[in-house]
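Each chain is listed here by its residues.
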Amino acid sequence: MTTQIATFGAGCFWCLEAAMNQLHGVQQAISGYMGGTTENPSYQQICTGQTGHAEVVQITFDPAQISYQQLCQIFFCLHDPTQLNRQGNDIGTQYRSVIFYHNEAQQQQATEIEAELTAANVFPDAIVTELSPASRFYPAEGYHQGYFKQNPQQSYCQFIVAPKLAKFRQQFRAQLKQD
């Protein structure tokens with residue numbers, strides 16, 4: 001089996017990671033940081049907005065089971081790609097909407113999907129998702145991995161992540177792993 005890597009930033013990584021890990025064909029989704037200049041950044045450094053990194057999720061997937069295009073479409077459904085450097089109350093460049101492509105095919109596919117969404121007027125405002133070449137990925141601290149699954153009672157998880165995941169599970173039921 002040949003796997004591929006996809007890397008997306010859609011605000012706080014807890015929701016994106018929780019959703020992606022539920023998809024059939026996704027081997028793992030890891031929360032982390034990418035796109036900045038600080039080496040081995042900590043969460044505390046990321047939160048300052050001074051590192052240049054975005055909170056991202058790096059996904060290892062089997063393209064025979066789920067395509068990169070499907071992952072991009074799900075990415076665009078899981079957040080508001082029209083908000084510049086923010087998602088809701090999470091404000092700063094670390095929360096930017098970004099696709100880090102790992103090869104020319106991913107760059108082309110992401111560009112085409114964004115153009116299709118724009119042409120179809122899916123969003124009321126212009127898409128501001130950054131499209132950049134992938135750089136070094138820094139996994140987030142261990143307590144961020146599987147955060148929602150481990151902390152469902154935490155207030156941010158209850159009020160922000162849980163409703164997004166419920167909508168995601170409804171919308172993408174056919175693509176979910178079987179329990």
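Below is a summary of the structure that appears in this document. (Residues numbered from 1 in each chain as written. Predicted model: local features only at pLDDT ≥ 70, side-chain atom pairs only at ≥ 80, totals over all residues. Heavy atoms only, no water.)

### Overview of the packing of aromatic side chains
The geometry of an aromatic ring pair comes down to the distance between the two centres and the angle between the two planes. Heads up, the rule is: Any two of the Phe, Tyr and Trp rings considered here, Trp counted by its six-membered ring, make a pair once their centres fall within 6.5 Å; the pair's planes then place it as stacked at under 30 degrees, edge-to-face at over 60, or tilted in between. A run of DSSP states H or I qualifies as a helix once it reaches four residues; a run of E qualifies as a strand once it reaches two. Both are numbered from the N-terminal end. Classification of residues uses two cut-offs on accessible area relative to the type maximum, computed with a 1.4 Å probe and protein chains only: under 20% is buried, over 50% is exposed, and between them is partly exposed.
Under the defined criterion, the tally for this structure stands at seven aromatic pairs. Both rings, one in W14 and one in Y147, keep their centres 3.7 Å apart while their planes meet at 10°; by these two values the pair is stacked. Taken together, the positions of W14 in helix α1 (residues 13–20) and Y147 in helix α5 (residues 147–150) put the pair 133 residues apart, joining distant regions of the chain. Taken as a pair, W14 and Y147 share a single burial class, namely buried. Judged by centre distance (5.0 Å) and plane angle (65°), the rings of F75 and F76 are edge-to-face. Relative accessible area serves as the criterion here: at 2%, F76 is assigned to the buried category. The rings of F8, Y68, F75 and F76 are connected pair by pair, giving a single aromatic cluster.

### A word on the side chain of E55
Spelled out, the test is: Only four residue types enter the tally: Lys and Arg on the positive side, Asp and Glu on the negative side; His and the chain ends are excluded. Any carboxyl oxygen of Asp or Glu that lies within 4 Å of a side-chain nitrogen of Lys or Arg is treated as forming a salt bridge with it. Within 3.5 Å is the distance limit for a polar contact, defined as a pair of N or O atoms, with the added protein rule that one can donate a hydrogen and the other accept it, and that residues adjacent in sequence qualify only through two side-chain atoms. We call two residues contacting when some pair of their heavy atoms lies within 4.5 Å.
For E55, the position within the fold is in strand β3 (residues 54–61). The side chain of E55 is buried and forms no salt bridge, while R96, the nearest opposite charge, is found at 10 Å. Among the polar contacts listed, one links the side chain of E55 to the backbone nitrogen of F13, at a separation of 3.1 Å. When near neighbours in sequence (up to four residues on either side) are disregarded, E55 contacts F8, G9, A10, G11, C12, F13, G32, Y33, Y43, I46, Q94 and Y95.

### A look at the packing of helix α3 (residues 68–77) against helix α4 (residues 104–119)
When two helices pack together, their arrangement is given by the angle between the helix axes and by the axis-to-axis distance. So the rule is basically this: Under this scheme, a helix contributes an axis fitted over its contacting stretch, all axes are lines through C-alpha atoms, and angles between N-to-C directions fall in the 0 to 180 degree range. Here is the rule for angles: anything less than 35 degrees is roughly parallel, anything more than 145 is roughly antiparallel, 65 through 115 is roughly perpendicular, and the remaining ranges are oblique. Two helices cross in a left-handed way if the nearer one is turned anticlockwise from the farther one by less than a right angle. They cross in a right-handed way if the turn is clockwise.
α4 packs onto α3 with a crossing angle of 45° between their chain directions and a minimal axis gap of 10 Å. Regarding the angle of α3 to α4, the classification is oblique. Handedness of the crossing formed by α3 with α4: right-handed. Across from Y68, Q69, C72, Q73 and F76 in α3, the residues of α4 making contact are Q106, Q109, A110, I113, E114 and L117.

### What to know about helix α6 (residues 155–171)
This is how it is decided: Multiplying 1.5 Å by the helix residue count minus one yields the expected span of that helix. Fitting one axis to the seven residues ending at a residue and another to the seven starting there, the bend at that residue is the angle between the two axes.
Relative to the 24 Å expected for 17 residues at 1.5 Å per residue, α6 spans 24 Å between its end C-alpha atoms, a close match to the ideal helical length. Along α6, the sharpest kink reaches roughly 40°, centred on V161 and followed within four residues by the proline P163. For α6, the elements touching its buried residues are α1, α3 and α5. You can read the cap of α6 off the contacts: a side-chain oxygen lies 2.8 Å from the backbone nitrogen of Y156, and it is on Q154.

### Here's the deal with the pairing of strand β7 (residues 130–133)
For the record, the criterion: At least two DSSP bridges between two strands are needed for those strands to be called paired. Every crossover in which the path from the first strand over the helix to the second runs clockwise, viewed with the strands pointing away from the viewer, is termed right-handed.
Judged from the four bridges that link them, strand β6 (residues 97–101) and β7 form a sheet pairing that is parallel. Directly across from F100, in β7, lies its bridge partner S132. Handedness of the β-α-β unit built from β6, α4 and β7 comes out right-handed.

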